[in-house]
Each structure stands twice: as C-alpha cells, then as structure tokens.
Amino acid sequence: MKILIYDDNIDDVKQLGNCIKNFFSKLSEEYTITYCQTQDELFSLINNYNLLFLDIELSNENGIDIGLKITKMKTDCMIIITTHYMKYAIDGYKINAERYFIKPIDQSEFDIEMTYIIHKYHSDLLGFNDIKLSKNKIYFKNILYFEFYDRKTIIHFTNGKNIQTNYPLKHWIQITQNAAFSQPHKSFLVNLNYISALTKNDIVMLNDDIIPLSRHFKADFFEKYEDNLHEVI
C-alpha cells in the first residue's frame, strides 16, 4: 500500500506516522509513506497512491477544497480526513472520504478503521483476466452486474459500458465467489456494493437500473447482502 500524508503540523504528522507504523507492524503487508509539501506535489502524485491522509485545518489552505479537487480527478486513491474538531469531520461526506480521525489519533480506533481500509484495498484489486474480453485486467469494482440473456451474459460496468460474453452466468458466479456479488434472480448477478435501494420484489442499482428479486433466491441474497453491509460499515 502506498500512502500519502498532507498535513502542515509536524507534531501531528509524527503522531500519524507512528500510528501507521504500529498498525502495519502487526501485518504482513508492505507499505510506503510519502509526505507532501505542496498542493502541486499532491496532485502530481495522487494517481500513483492508494491512500491519502488529508488534514482539514491547514494554515493557508482548506482541506475540503483540496479534497473536492481530488474527487474531480476521479482518482482511485482513498481519502481519510484528519482533524482536531468533530464539526469539520462531517465535511468529509462532501469529498467521499472513507473515514476520519480526530486528533490526537487513538491507536486502537486507528487499528479498527484501518482494518476496514486494508480490506477495501484488497477488494479493489480483485478481478480477472480474459484476453477474449479485454487486453487489460477487468476489476470487479468496475462492474455493476451481470445479466444473462439469449444464451449470453452481458457485463454492465459502472461507466455505462457493456460487454457481451459467450459465457453462461454460472461461469461468472464461480469467478466472483470471493467478491461482493450475489444472485437475486436466475438471470442476474449483482455487485452488492452498488445497490441503491431494495423493494419487496426489485433491486435498484446506483445507475437506477431495476433488477428483479426472485422469491427463490431472496433468502440467500439477503443473507449475503447483510454480511457485506457488516464488512463495509
């Protein structure tokens, strides 16, 4: 994991660095830390990093404004807010921050929240290679759902694109068994992380597509959906 820190308080940086070091000392996980000095440096590096610790109360800058600029870049780097004041932490929703920490950071709380971050980091790396479909690896995080229709399976992506494959749906059920997917209907396999709403008989995806929820699959689907929620929260 490649970590960026953007904070102009040297004492806070040292304390955060110690929390990171203590956390990773318990894992067999490699990591690097880079400390940014300027916005220009931050923006030039962000696409090459997995995690950013962003301070909100910067001397001559606004951390939320910086975070908004980063979200417009559509980077895959996760953002964690650090702040001395709880009231500023709420602003993290504006920049889709994964978590926030109140300074001084408590090590036990840091370990709990970072366990989730590590899980998400590894989940985001999950995917498959199939040269018949793409020369590049296809990541599960970019897939909304699979749809079986007319003896073919259509992969629906988060960017609105589709790929038609000759594989049956059971192929994709096998491929995604270690990822956050579940089958709500004989013709669909959905990414549990992209569900917007549930009704008695339907699933609403984040792009507003409606997926049928079959009675035959409902119990197993809800069990997997709730298990996934517990992992995310």
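For the structure, see preceding data.
Everything numeric in this text was worked out from a predicted model, so none of it was measured.

Draft legend 1. Focus on the overall build of the chain. Within the chain, the regular secondary structure consists of seven helices and 15 strands. Within the chain, the fraction of its 233 residues that count as buried is 42%. Of the contacts formed within the chain by residues at least 6 apart in sequence, a portion of 53% connects residues at least 24 apart. About 13500 Å² of surface is accessible on the chain, with carbon and sulfur atoms providing 49% of the total. Charge-centre separation for the chain: the mean point of 25 positive side chains lies 9 Å from the mean point of 31 negative side chains.

Draft legend 2. Just the side chain of Ser-182, in detail. Secondary-structure assignment places Ser-182 in strand E11 (residues 181-185). For Ser-182, the residues in contact, after removing those within four places along its chain, are Leu-189, Val-190, Leu-192, Phe-221 and Lys-224.

Draft legend 3. Looking closely at the pairing of strand E3 (residues 51-55). Counting buried residues in E3 gives five out of five residues, a clear majority hidden from the surface. The sheet contact formed by strand E1 (residues 2-6) and E3 spans four bridges and is parallel. Paired with Ile-3 across the bridge in E3 is Leu-51. Sheet analysis places E3 next to strand E4 (residues 78-83), joined by five bridges and oriented parallel. What sits directly across from Leu-52, in E4, is Ile-79. Note that the unit made of E3, helix H3 (residues 63-72) and E4 has a crossover that is right-handed.

Draft legend 4. Examining the sheet that holds strand E15 (residues 210-212) more closely. With antiparallel pairing, the three strands of this open sheet are ordered in space as E13-E14-E15. The open sheet has two edge strands with one neighbour each: strand E13 (195-198) and E15. Here the strands of the sheet are splayed against their neighbours by 30 degrees on average, with no regard to which way each runs. For E13 and strand E14 (residues 202-205), the ladder comprises three bridges, and the chain directions are antiparallel. Note that in E14 the partner of Ile-195 across the bridge is Met-205.

Draft legend 5. Looking closely at the layout of surface pockets. Here the second largest pocket defines a volume of roughly 240 Å³. Contributing to the lining of the second largest pocket are 15 residues, with Tyr-49, Asn-50, Asp-76, Leu-125 and Lys-141 lying nearest its centre. Of the residues belonging to the lining of the second largest pocket, the class tally is seven nonpolar, four polar and four charged.

Draft legend 6. Highlighting a negative patch on the surface. A grouping of Glu-223, Glu-226, Asp-227 and Glu-231 is seen on the molecular surface, where their side chains present a negatively charged patch. Among the structural elements, Asp-227 can be located in helix H7 (residues 215-232). On the basis of relative accessibility, which here comes to 44%, the residue Asp-227 falls in the partly exposed class.

Calculation criteria
Residues numbered from 1 in each chain as written. Predicted model: local features only at pLDDT ≥ 70, side-chain atom pairs only at ≥ 80, totals over all residues. Heavy atoms only, no water. Helix = DSSP H or I, 4+ residues; strand = E, 2+ residues; numbered from the N terminus. Buried < 20%, exposed > 50% of the residue type's maximum accessible area, 1.4 Å probe, protein only. Contact = heavy atoms within 4.5 Å. Areas by Shrake-Rupley, 256 points an atom, 1.4 Å probe, with all protein chains shown as cover. Lys, Arg positive; Asp, Glu negative; His and termini not counted. Charge placed at Lys NZ, Arg CZ, Asp CG, Glu CD. Pairing = 2+ DSSP bridges. Right-handed = clockwise from strand over helix to strand, strands pointing away. Axes fitted to C-alpha atoms, helices over the stretch in contact; angles between N-to-C directions. 1 Å grid on protein atoms, 1.4 Å probe; cavity = no way out; pocket = protein on both sides within 12 Å on 5 of 7 lines; lining within 4 Å. Points joined across faces, edges and corners; volume = space filled by probe spheres on them. Nonpolar A, V, L, I, M, F, W, Y, C, P; charged D, E, K, R; others polar. Patch = residues over 30% accessible without salt bridge, like charges linked within 9 Å, V, L, I, M, F, W, Y side chains within 5 Å. Salt bridge = Lys/Arg side-chain N within 4 Å of Asp/Glu carboxyl O.

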